[in-house]
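Chain and residue survey
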Amino acid sequence: GGLRLNTNLTKPFCNELSRGTFWVENDAKGNKLEFCKVTISQNNTSGNLSIKTTILPNPTEALDCVQSTLNYKYYCFGGIAGNSGTNLILEYDLSLESITIKTATVPGTGNYGLSCVEDSSKNLIYCFGGIYGSPFDTIFRYDPMNDNVTVMSATLPLPRTFMSCVEDSSTN
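Attention here is on the structure that accompanies the text. Everything quoted here is computed from the prediction, not taken from an experiment.

1. Section: the state of the cysteines
Enumeration over the complete set of coordinates arrives at two disulfides. Two residues share a disulfide in this structure: C116 and C127, whose sulfurs sit 2.1 Å from each other. Between C116 and C127, the S-S torsion sits near 110 degrees, and that sign places the bridge as right-handed. Placement of C116 in strand 11 (residues 115–119) and of C127 in strand 12 (residues 124–128) is noted, with a sequence separation of eleven residues between them. Relative accessible area serves as the criterion here: at 7%, C116 is assigned to the buried category. For C127, a relative accessible area of 0% corresponds to the buried category.

2. A closer look at the packing of aromatic side chains
Remark: the centre distance and the inter-plane angle together describe each pair of aromatic rings, the angle taken between the planes. One pass over the structure, following the stated rule, counts five aromatic pairs. Note on F77 and F140: the rings are 6.2 Å apart at their centroids and 65 degrees apart in plane angle, and the pair reads as edge-to-face. Here the residue F77 occupies a position in strand 6 (residues 74–77), and F140 occupies one in strand 15 (residues 139–143), the gap between them amounting to 63 residues. No difference in accessibility class separates F77 from F140, as the two residues are buried. Here a set of aromatic residues connected by ring pairs shows up, and it is made of Y75, F77, F140 and Y142.

Calculation criteria
- Residues numbered from 1 in each chain as written.
- Predicted model: local features only at pLDDT ≥ 70, side-chain atom pairs only at ≥ 80, totals over all residues.
- Heavy atoms only, no water.
- Disulfide = S-S within 2.5 Å.
- Helix = DSSP H or I, 4+ residues; strand = E, 2+ residues; numbered from the N terminus.
- Buried < 20%, exposed > 50% of the residue type's maximum accessible area, 1.4 Å probe, protein only.
- Phe/Tyr/Trp six-rings, centres within 6.5 Å; stacked < 30°, edge-to-face > 60°.

Below, the structure written as structure tokens:
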């Protein structure tokens, strides 16, 4: 699985190849977040694939999302709508199919194209770079338990945007 937010590709069918995939789609109600996941009923121990859906607040482009192992909720950072960036942090609760706008915000007046990853040993999310007008070299940490953001003193060697990050869990 993976994240596919606002691509030009046709949304895949929800099957084993697309299991775990996020998809943003626009319909008459607005932009919605869809998630292809396995659901297990009482009578079916193997599970069925189904799409979970919730309506997204604006903006809905260039978000970076990561799952927290603390509470198994997804956190999406920044984004852009039209020409306006945002500093929102969104919390997606898959079990309730709901989105909550968190009190904490991404540093700056607007930021999109971030790259975020969780440190699963500490249940903290780190976000790198981003862009609003020009690229950033900022690194910040989000604490989902306490809903707060800390800007780190370290910075990226060069401003970066639309990167990829992964956790090396072998070093935990």
